[in-house]
Structure formats: structure tokens, C-alpha cells
Amino acid sequence: MEIEILKTKAPRAKVPADQLGFGKVFSDHQFMMDYTHGRWEKPRIEPYGPLMLEPGACVLHYSQCLFEGQKAFRANDGKIRLFRPRFHAQRMQQGTARLCMPSVPEEMFLESVRKLVSLDSDWVPDARGASLYIRPTMIGTESFLGVRPAEKYLFFIITCPVGAYYAEGFNPVKIWVEEKYIRSAAGGLGAIKAGANYASSLLAAVEAKKKGYSQVLWLDAHDHSHVEEVGTMNVFFRFKNEIVTPPLGGTILNGATRDCVLQLLRSWKLPVNERPVSIEEIQAAFDKGDLLEAFGSGTAAVISPIGELATKSRKIALSGGKVGELTQKLFDEISAIQYGDKPDTFGWVEEL
Ligand SMILES: *Cc1c(COP(=O)(O)O)cnc(C)c1O
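How each quantity is defined
Residues numbered from 1 in each chain as written. Predicted model: local features only at pLDDT ≥ 70, side-chain atom pairs only at ≥ 80, totals over all residues. Heavy atoms only, no water. Domains from an automatic or database assignment. Buried area = accessible area lost by both parts, 1.4 Å probe. Salt bridge = Lys/Arg side-chain N within 4 Å of Asp/Glu carboxyl O. Helix = DSSP H or I, 4+ residues; strand = E, 2+ residues; numbered from the N terminus. Patch = residues over 30% accessible without salt bridge, like charges linked within 9 Å, V, L, I, M, F, W, Y side chains within 5 Å. Areas by Shrake-Rupley, 256 points an atom, 1.4 Å probe, with all protein chains shown as cover. Buried < 20%, exposed > 50% of the residue type's maximum accessible area, 1.4 Å probe, protein only. 1 Å grid on protein atoms, 1.4 Å probe; cavity = no way out; pocket = protein on both sides within 12 Å on 5 of 7 lines; lining within 4 Å. Points joined across faces, edges and corners; volume = space filled by probe spheres on them. Nonpolar A, V, L, I, M, F, W, Y, C, P; charged D, E, K, R; others polar.

## A word on the domain arrangement of the protein
Taken domain by domain, the protein holds domain 1 (4–163) and domain 2 (173–338). Between the C-alpha centres of domain 1 and domain 2 there is a distance of 27 Å. Summed over both sides, the interface of domain 1 with domain 2 buries roughly 1,800 Å², with 61% coming from carbon and sulfur. When the buried area of domain 1 at its contact with domain 2 is split by residue, F67, F83 and R91 rank highest and sum to 28% of it. The interface formed by domain 1 and domain 2 holds one salt bridge in total. Here D259 makes a salt bridge to R84, at a shortest N to O gap of 2.8 Å.

Put into C-alpha cells, the structure is as follows:
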């Protein structure tokens, strides 16, 4: 693939790592590629800037929009490491199939990410905890108001230097168990990173925040009895004799971090199961003293400790408000592999 490169004439000043936050600062360049006439055309890297879209562009009306979220890290030796780039390329293909979009071949996806991150390598922060967040996105650009798959698409990649997610420390968060709104239903879009999923999740998050909770625990759409995900993360519960995460059944997202956690726990020979887990089982385990820890997993935060689960009728406080032992160990281990403190024996990391 020939990628045309147009470098910015006005490179912007870098922002210190402790002022980056998440997703607010963008790097100097973006990758763009058009799908027209049934094929991908004009792959190019250009200065970061606004898109030209007709107001009739179908993405603006019917949300044919899919994205990915992955990271690049500056390791201790100064080298840049992409974390699980193939996992993300493949997951994007599952999403494009579901949304009737053209797929981006894996090698094309990887080369685009590599070229863009190489050109903007100065934007990969070197502070511990900080990284370059990479956001590949596909949208339907054809201008028409009929409901059908578009015939024209734009695949673009933008990147954001992001600060340490836990700048103020690794703190357990309070979670609202959501019994009114749902995130996804069987047969829907829950297994893919479709933009539409996030629009439908906002109201629950806003209402939870008003009640003093950071995020919601999503339950199944069928009868609100089983746990699905926490906010935009996968969720794990550590019981006395077993660690459990809900199975991939089409309603939850196949997280790269979820997969890392599963592989690590299995390598440590801990009893971990992907199985349905009900809110009733969690409450009963808590009452018996058998619920030890709970945490979310996702690219942005890696691991997010849960300190409290609240329903309309009761509150469950976990690990005495502290970070659970396994939660901490998983966070430390995944971070150590990402930054190159520990060798990657799983094949998760690819040097740029
Ligand atoms: C992105 C995402 C996750 C986490 O996936 P990772 O690949 O680990 O970042 C989990 N749930 C939802 C809904 C997501 O959008």
C-alpha cells in the first residue's frame, strides 16, 4: 500500500503529560482512506483537521459508524510498542461485517496504524502511565436519505496522547446497578464498537452520576437479572473459590483487556470461568462473605477497581473500600508488559 504523506507545516506544541487528560489533545496528523467504486482508495496521512462531509452524509442520520480503541506505549528502552494491534484489526472486521461496511484487511489496518504512529512518534508520551491512544474509525459518507448500507466510506485514524488514567491514585469507584436502561439486547450491536451503542448509554450514565455514582453496571436486556458490563468496560468478580466474567454471547464486547486478564489468570493457574453471573448470586456471595473483589477491564484504564455496587434496595461495599489484591496484581502485570518492565510471553506487544 502506497501511503501519500503530507506533513503539517505548523506542528503544535506538546502538552505536559500531567495536563493531558483523556482524549482532549490530538496529535499532528491523521490517516485517511476512502472507499469508493467498491475498493479502498487514496490512503494518505495529512495534518489533523476538520472533515468535509455533506449534511446528507448517511452517518449523520443513521449512524453507520464503527470505531476501535488501542494504545501505543513508550517503553523503558525508548522504543514504541503497539499493544495487541492484531486483536483490534480483527475486531474491527467483526464490526464492519455487522454494520454492512467494507472490511479493512488486517495488513492494511496494521500498516496504517504503524505509519501514522511512526510519523507522530514524538507524540507518544514518555511519562509512566501515559500513552498514545489510537482511534481508528469508519463512517458512511455517501449523501442520501434512504435506509440502506452506504456505497461510500471514510476510514480514518486519529491519535491522542493521554495521561495516566489514575493520576490521583488507583481508586475504587462506586457503581450503580442499572435496572431501568439497557446497553444491548440479543441480536443487537452490543458485541461491536458501534457509535450508536454509546449514544444509547449516555442517559443511564448521566442519571447515575446525579445519584453520585461513577458508572453503571449493565444487566441483561431480557429480565435484568444477569451482569453484562460495567460502563464501557468488561467486568470480573472474584468469589472465594472462583473468578467469573460474563461469557461473550453477542451482547457484550470482546475486550482486548478482558482477554489479557483471562490469559493471565489461566497462566497463574487460578480458577477462572466465563459464565453467566446474576446480581442475585453476587448479593448472596457478598452476604456469605464470599465476594472478595470486583473490577472492570478496558484499554483506557486497564483495570478499574470497583468499591461499591448499589441497587435501589441495597449497597454492597467491596474490599473494605480498598483496591483488591488480585485487582492490583493484574493492573501491575499488564502495565509491566505494556511498558516493557517484564517480557511479553503472550505475543501481545509489537514494536513499531
Ligand atoms: C472498548 C470496550 C470495552 C473494552 O475493550 P478493550 O478492548 O479491553 O478496550 C468493553 N466494553 C465496551 C462496551 C467497550 O466499548
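Let's pick the thread back up.
## Quick look at the environment of F109
For F109, the position within the fold is in helix α3 (residues 106–119). Sequence-wise, F109 and K269 are 160 residues apart; in three dimensions their C-alpha atoms are separated by 35 Å.

## Some thoughts on a nonpolar patch on the surface
Taken together, the side chains of L51, L53 and L60 define a hydrophobic patch exposed on the protein surface, amounting to about 240 Å² of accessible area. Along the chain, L51 turns up in the loop between β3 (39–47) and α1 (59–62). Given the relative accessible area of 38%, L51 is considered partly exposed.

## A look at the layout of surface pockets
Roughly 330 Å³ of internal volume is contained in the second largest pocket. Along the wall of the second largest pocket there are 18 residues; nearest its centre are D34, M52, L53, T141 and L154. Contributing elements (two or more residues each) for the lining of the second largest pocket: β2 (29–36), β3 and β8 (153–162). Among the elements that line the lining of the second largest pocket, the one with the most residues is β2, at five residues. When its residues are assigned to classes, the lining of the second largest pocket shows eight nonpolar, four polar and six charged.

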